[in-house]
Amino acid sequence: MSNYKINTKCVQSGYTPGNGEPRQIPIIQSTTFKYATSEDMGKLFDLEASGYFYTRLQNPTNDMVAAKICDMEGGTAAMLTSSGQAANFYAIFNIANCGDHVVASSTIYGGTYNLFHVTMRKMGIDFTFVEPDCSDEELEAAFRPNTKAVFGETIANPALTVLDIERFAKAAHAHGVPLVVDNTFATPVNCRPFEWGCDIVTHSTTKYMDGHGAGVGGCIVDSGNFDWMAHADKFPGLCTPDDSYHGITYATKFGNAGAFITKCTAQLMRDFGSIQSPQNAFLLNLGLESLHVRMPRHCENALAVAKYLKDHPKISFVTYPGLEGDKYHALAQKYMPNGTCGVVSFGFKGGRAAAETFMKHLKLAAIETHVADARTCCLHPASATHRQMNDQELVAAGITPDLVRLSCGIEDAEDLIADIEQALAQV
Ligand SMILES: *Cc1c(COP(=O)(O)O)cnc(C)c1O
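Residues numbered from 1 in each chain as written. Predicted model: local features only at pLDDT ≥ 70, side-chain atom pairs only at ≥ 80, totals over all residues. Heavy atoms only, no water.

Novice: It is not clear to me how the pairing of strand 2 (residues 101-105) should be interpreted in this structure. Could you clarify?
Specialist: Within a regular strand, side chains alternate between the sheet's two faces. Here strand 2 lies mainly inside the structure; five of its five residues are buried. Residues His101, Val103 and Ser105 of strand 2 are buried on one face, and the alternating residues Val102 and Ala104, pointing to the opposite face, are buried as well. In the sheet, strand 2 pairs with strand 3 (residues 126-130) via five bridges, with the strands oriented parallel. Bridge pairing links Val103 to Thr128 in strand 3. With helix 5 (residues 110-122) bridging strand 2 and the parallel strand 3, this β-α-β connection has right-handed handedness. In this structure, strand 2 lies alongside strand 4 (residues 147-153), joined through four bridges in parallel fashion. By the bridge assignment, Val102 is partnered in strand 4 with Ala149. (Buried < 20%, exposed > 50% of the residue type's maximum accessible area, 1.4 Å probe, protein only. Helix = DSSP H or I, 4+ residues; strand = E, 2+ residues; numbered from the N terminus. Pairing = 2+ DSSP bridges. Right-handed = clockwise from strand over helix to strand, strands pointing away.)

Novice: What's the story with the packing of aromatic side chains in this structure? I'm lost.
Specialist: Aromatic ring pairs are defined here through the distance separating the ring centres and the angle between the ring planes. Evaluated as defined, the whole model comprises 21 aromatic pairs. Note on Phe348 and Phe358: the rings are 5.1 Å apart at their centroids and 50° apart in plane angle, and the pair reads as tilted. Pair noted here: Phe348 is in strand 9 (residues 343-348) and Phe358 is in helix 14 (residues 351-361), with a separation of ten residues, a long-range link. Residue class for Phe348 comes out buried when judged on its relative accessible area of 2%. Members of the aromatic cluster, each reached through a chain of ring pairs, are Tyr113, Phe116, Phe127, Phe129 and Phe151. Its guanidinium or amino end placed over the ring of Tyr109, Lys207 lies 4.9 Å from that ring's centre, counting from NZ or CZ. (Phe/Tyr/Trp six-rings, centres within 6.5 Å; stacked < 30°, edge-to-face > 60°. Lys NZ or Arg CZ within 6 Å of the ring centre and 35° of its normal.)

Novice: For this particular structure, what's the right way to read the packing of helix 4 (residues 84-93) against helix 10 (residues 250-272)?
Specialist: When two helices pack together, their arrangement is given by the angle between their axes and by how far apart the axes lie. Running from amino to carboxyl end, helix 4 crosses helix 10 at an angle of 115°, the nearest separation of the two axes being 10 Å. For helix 4 against helix 10, the interelement crossing comes out right-handed. Along its contact with helix 4, which presents Phe89, Tyr90, Ala91 and Phe93, the element helix 10 presents Phe260, Cys264, Leu268, Met269 and Phe272. Classifying every residue of the contact of helix 4 with helix 10 gives nine nonpolar, no polar and no charged. (Axes fitted to C-alpha atoms, helices over the stretch in contact; angles between N-to-C directions. Left-handed = near helix turned anticlockwise from the far one by under 90°. Contact = heavy atoms within 4.5 Å. Nonpolar A, V, L, I, M, F, W, Y, C, P; charged D, E, K, R; others polar.)

Novice: Looking at this structure, I do not really get the domain arrangement of the protein chain. What am I missing?
Specialist: How big an interface is tends to be reported as the loss of accessible area on association of its parts. Taken as a whole, the protein chain is organised into domain 1 (31-286) and domain 2 (293-424). Here domain 1 and domain 2 have C-alpha centroids that lie 30 Å from each other. In this complex, domain 1 contributes 30 residues to the contact, which on the side of domain 2 involves 28 residues. For the pair domain 1 and domain 2, the summed buried area comes to about 2,400 Å², and 62% of that belongs to carbon and sulfur atoms. Looking at the side of domain 1 facing domain 2, the largest losses of area belong to Leu160, Asn190 and Tyr208, adding up to 31% of the total buried there. Inspection of the domain 1/domain 2 interface yields two salt bridges. Across the pair Lys334 and Glu166 runs a salt bridge whose closest N-O atoms are separated by 2.5 Å. At the boundary of domain 1 with domain 2, the tally comes to 15 residue pairs in polar contact (both at pLDDT 80 or more). Looking at the side of domain 1 that touches domain 2 residue by residue, the class counts come to 15 nonpolar, nine polar and six charged. (Domains from an automatic or database assignment. Buried area = accessible area lost by both parts, 1.4 Å probe. Salt bridge = Lys/Arg side-chain N within 4 Å of Asp/Glu carboxyl O. Polar contact = N/O pair within 3.5 Å; in protein donor to acceptor, adjacent residues only side chain to side chain.)

Novice: Can you help me understand the sheet that holds strand 3 in this one?
Specialist: One key point about sheets: their strands pair by backbone hydrogen bonds, in either a parallel or an antiparallel sense. An order of 1-7-6-5-4-2-3 is seen for the seven strands of this open sheet, with the pairing classed as mixed. Edge positions in the open sheet fall to strand 1 (77-81) and strand 3, since each of these has one partner strand only. Geometrically, the sheet is characterised by an average inter-axis angle of 20° between neighbouring strands, direction not taken into account. Across five bridges, strand 6 (residues 200-204) lies against strand 7 (residues 218-222) in antiparallel orientation. Paired with His203 across the strands is Cys219, a residue of strand 7. Taken strand by strand, helix 3 (residues 60-73) contacts strand 1, strand 6 and strand 7, and its axis lies near 125° from that of strand 1. On the sheet, helix 5 packs against strand 2, strand 3 and strand 4 and is oriented at approximately 150° with respect to strand 3.

The following block contains the structure:
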């Protein structure tokens with residue numbers, strides 16, 4: 001990890017050109033890499049030497065961008081994946097196998113909930129979901145002897161709850177397992193979970209990191225802090241020889257700093273191949289170069305919108321962790337004193353019909369399932385992503401029929417509020 005401030009890391013980390021080399025990171029658009037002898041290549045296959053042989057596993061462009069995100073988070077190793085979904089799947093599946101168990105926050109991204117609750121259950125991995133603000137006793141009771149990880153989101157999408165990272169890390173460590181945090185909404189500009197005891201961070205880089213709605217992608221970063229060998233009985237995949245690599249034991253050969261990402265690349269990326277394209281990695285890096293400039297504007301606009309809506313006679317509630325009086329404001333102040341994210345959710349006194357009318361009249365805010373884009377976008381979950389649910393099911397999922405999620409972009413706050421104002425006038 002470099003000693004530069006986060007603003008400098010966003011711009012400069014991950015790639016330093018030598019004399020006469022390109023200033024911008026090169027896009028290595030090649031599936032394969034050439035070697036002089038079979039022995040040279042053999043060393044790569046045995047993980048005896050580091051280098052590239054096939055882009056299904058690793059690509060130099062991807063690694064430069066992963067190195068930047070690694071430095072931004074303050075980690076020791078990182079890898080890019082084709083999506084945020086792939087990042088969360090790999091991060092958990094790298095340490096939990098059939099017969100294992102994971103404790104997860106209940107307020108996580110719907111796609112991640114489905115991945116855990118439906119698809120990974122089919123693979124024989126069980127999950128216990130706990131409320132992010134559950135009591136210490138409830139959290140404690142969720143653990144089992146076969147628990148291998150704890151998972152949560154810094155700021156949950158779309159619930160906007162804030163994870164008490166320190167408390168969840170302490171509970172995980174008391175049971176000899178790592179805390180995995182999806183840091184998509186906060187980004188390392190606003191929160192670096194490793195500083196609070198988290199062990200592994202994941203990202204959907206599709207969101208603020210890309211920031212321009214250009215490319216789907218994900219990232220996994222290891223803090224290097226978790227001592228796998230101290231809990232060797234729980235993590236045989238890292239702490240006993242891997243037959244598919246001539247008996248290498250990742251935790252001893254690569255240490256705490258490198259074992260997790262090396263295994264994730266050498267086994268999971270080899271076998272599943274959810275690699276990010278080098279083109280998308282290049283676009284992601286362009287996004288990262290301005291992340292530290294964009295995040296404060298997203299937060300500033302969201303706070304202005306939240307304050308405006310809070311006192312509006314047609315609005316029944318506003319949820320935004322950056323807003324004073326919000327249930328998660330104190331945790332947000334602790335973990336994200338410089339800002340949270342650009343997403344605000346709110347409801348209408350006029351119920352579902354009012355929300356639908358409001359959406360119809362927005363001009364600047366586009367209706368999209370996407371969030372965390374430079375352009376403001378808006379979603380009414382009850383008539384889009386959650387339209388198969390009836391009103392009762394919606395409430396159980398924490399989404400009232402009148403809820404609207406607004407992802408504030410980096411336009412002028414006055415224009416955003418004027419757009420909201422004219423749409424509200426139609427309600
Ligand atoms: C969008 C999102 C994901 C999934 O990422 P994709 O890039 O769409 O696969 C995971 N976690 C969070 C918090 C997200 O917002």
